[in-house]
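# Close look at the chain arrangement
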Amino acid sequence: MNFQLTEEQILIQKTARAFADNELAPGVVERDDKKIWPREGVKQMGELGFMGMMVDPKWDGGGMDSISYTIAMEEISRVEASSGVVMSVNNSLVCYLLEKFGSDFLKEKYLKPLASGKKLGAFSLSEPQSGSDASNMRTIAKKEGDHYIISGTKNWVTNGINSNYVILFAVTEKGIGYKGVSCFIVEKGWDGLETGKPENKLGIRASDTCELYFDNVKVPVENLIGKEGEGFTIALVILDAGRIGIASQAIGIAQASLNASVSYSRERIQFGKPIAKNQANQFKIADMAMEIEAARLLIRQAAWKKDQKQNYGHIASMAKVYASEVAMRASTQCVQIHGGFGYMRESGIERLMRDAKITQIYEGTSEIQRIVIARELLKK
Ligand code: CAA
């Protein structure tokens, strides 16, 4: 067993760290406050090869391993979790899906521009009545000649506003549950596809989230991904991978909380000495560091197993539920260490706590992750 990062992984870490500190950090508090999408940052992430990191170079991707991806995701999210989720959705939920299940025609047409960062993708699964119960969807796709006619409403679509292409799940055969779900890729701008207004969120406010309305949208049959009825399995396979990305986002937030706690507690003087001299704060810092190390190991194990083509879904779920809980605890303690200053918007500290919360919810809640883990352990 070797815990040493490779030279390439170290280079990616350095590059992502420098980019996040130099390019993303300026303006991060304002973008959060005013809900400004990180347009320039996303463009630069594309130029750095961070938008399709694991995609085969023949489809214009970076050809990197999943551990490299977790490292870059962590570094970006350490500075701006909103940029982290834009990157995560494009890499894991869109590019990985197209590469694994798309036809060569779809890879040529959509994966190439998505993996090279020239275009941006969104993943549209949830609906008003179907969040955790994802297969219970109502969006319907009716085949008519060489098109599907798609109608329905999708919710909580990350990148919904700024994306060019949308991975869409819809029912092609009613009454047979998840076996009637199919997967498509749809272009923004097609007749009948309307974008809702940006949601006003607790955290990751610089990323965009919205509803998408499909009203008899005509989708060519070649934009079906996989076969009819395979959509729900495709979604679950892809979410297994996506959860590694969100776990990495969470650990980036936790690491930012630890870094800020260490530096502030060294500088802040109360009762004539730095607050770092108090065991109450030392123990908080020790717990943060211990949990971050453990979460990072779980994340890298899940990424490694994925690349080794081993069964990794339940490990990805463990990584996601644990890392997101670590992020919530670390960011809450970080605010506590910063006291009144940390509670103020301009400190940039309370943002960590608000950003951490979503990692316990999207791409499967902590409760759903525990179901996935338990099912794997209890299966015969
Ligand atoms: N990979 C492949 N197949 C899988 C699978 C996996 N990980 N998990 C289950 N399956 C198969 C099952 O074996 C079953 O097939 P068979 O009948 O042939 O055995 C089929 O898929 C259906 O599985 P279940 O009966 O287990 O389905 P379920 O309805 O009970 O749901 C669930 C399972 C795990 C709860 C799933 O619905 C789930 O993960 N829900 C959470 C949804 C979610 O994560 N949403 C995120 C939205 S996207 C997002 O958040 C993006 C963003 O904005 C950033």
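For the structure itself, look to the data block above.
Residues numbered from 1 in each chain as written. Predicted model: local features only at pLDDT ≥ 70, side-chain atom pairs only at ≥ 80, totals over all residues. Heavy atoms only, no water.

## Quick look at the packing of aromatic side chains
So the rule is basically this: Here is the rule: rings of Phe, Tyr and Trp (six-membered ring for Trp) pair when centre to centre is within 6.5 Å. Planes less than 30 degrees apart are stacked, more than 60 are edge-to-face, and the remainder are tilted. Numbering of helices and strands runs from the N terminus, with a helix taken as a DSSP run of H or I at least four residues long and a strand as a DSSP run of E at least two residues long. When accessible area is computed with a 1.4 Å probe and restricted to protein chains, residues below 20% of their type maximum are described as buried, those above 50% as exposed, and intermediate ones as partly exposed. Lysine and arginine charges are scored as sitting over a ring when NZ or CZ, respectively, is within 6 Å of the ring centre and within 35 degrees of the ring normal.
In total, this model carries five aromatic pairs according to the counting rule given. Ring geometry for Y110 and Y165: centres 4.7 Å apart, planes at 75 degrees, overall edge-to-face. In this pair, Y110 sits in helix α6 (residues 104-115) while Y165 sits in strand β4 (residues 165-171), placing the two residues 55 residues apart along the sequence. The pair formed by Y110 and Y165 is uniform in burial state, with each residue classed as buried. On the numbers, 5.8 Å between centres and 45 degrees between planes, the contact of Y178 with F232 is tilted. With Y178 in the loop between β4 and β5 (181-187) and F232 in helix α7 (residues 231-267), this residue pair connects regions lying 54 residues apart in the sequence. For the cation-ring pair, K100 lies above F101, with the distance from its terminal atom to the ring centre recorded as 6.0 Å.

## A look at the site of the ligand
Put simply, the test is: For each residue, the test is whether any non-hydrogen atom lies within 4 Å of the molecule or strand; if one does, the residue is near. Pairs of N or O atoms are called polar contacts if they sit within 3.5 Å, as long as, within protein, a hydrogen donor faces a hydrogen acceptor (for residues adjacent in sequence, only side-chain-to-side-chain pairs). Accessible areas in this description were obtained via Shrake-Rupley with a 1.4 Å probe; residue shielding takes into account the shown protein chains only.
Near the ligand you find 23 residues, and of these T158, Y178, R243, E363 and R375 are the closest. Within the contact set of the ligand, a nitrogen atom lies 2.9 Å away from a backbone nitrogen or oxygen of S132. A distance of 2.9 Å is found between a nitrogen atom of the ligand and a side-chain nitrogen or oxygen belonging to D240. In the complex, the protein chains occlude 69% of the 1100 Å² of accessible area that the ligand would expose alone. Residue assignment for the shell around the ligand shows that the elements contributing at least two residues are α5 (81-101), β3 (147-158), α7 and α11 (366-378).

## Description of the layout of surface pockets
Summary: where empty space remains is shown by rolling a probe the size of a single water molecule over the atoms. Where we set the bar: Using protein atoms alone on a 1 Å grid, points that fit a 1.4 Å probe yet trap it form a cavity, whereas open point sets bounded by protein on both sides within 12 Å along at least five of seven lines form a pocket; residues with an atom within 4 Å of a point count as lining. Grid points are joined across faces, edges and corners, and a volume is the space filled by probe spheres set on the points. In this count, Pro and Cys sit with the nonpolar residues alongside Ala, Val, Leu, Ile, Met, Phe, Trp and Tyr, while Asp, Glu, Lys and Arg are called charged and the others, Gly among them, polar.
Taken as a whole, the largest pocket spans an internal volume of roughly 1200 Å³. Forming the boundary of the largest pocket are 41 residues, of which L239, R243, E363, G364 and T365 lie nearest the centre. At the level of elements, α5, β3, α7, α9 (313-343), α10 (350-358) and α11 are the ones that each hand at least two residues to the lining of the largest pocket. For the lining of the largest pocket, the per-class residue count stands at 18 nonpolar, 13 polar and ten charged. Considering only enclosed or pocket space, the second largest pocket measures out at about 530 Å³ in volume. Lining the second largest pocket are 17 residues; nearest its centre among them are N2, F3, I67, R300 and W304. Among the elements that make up the lining of the second largest pocket, the one with the highest residue count is helix α8 (residues 279-307) (seven residues). Its residues assigned to classes, the lining of the second largest pocket comprises six nonpolar, six polar and five charged.

No statement about biological role is implied by the geometric values presented.
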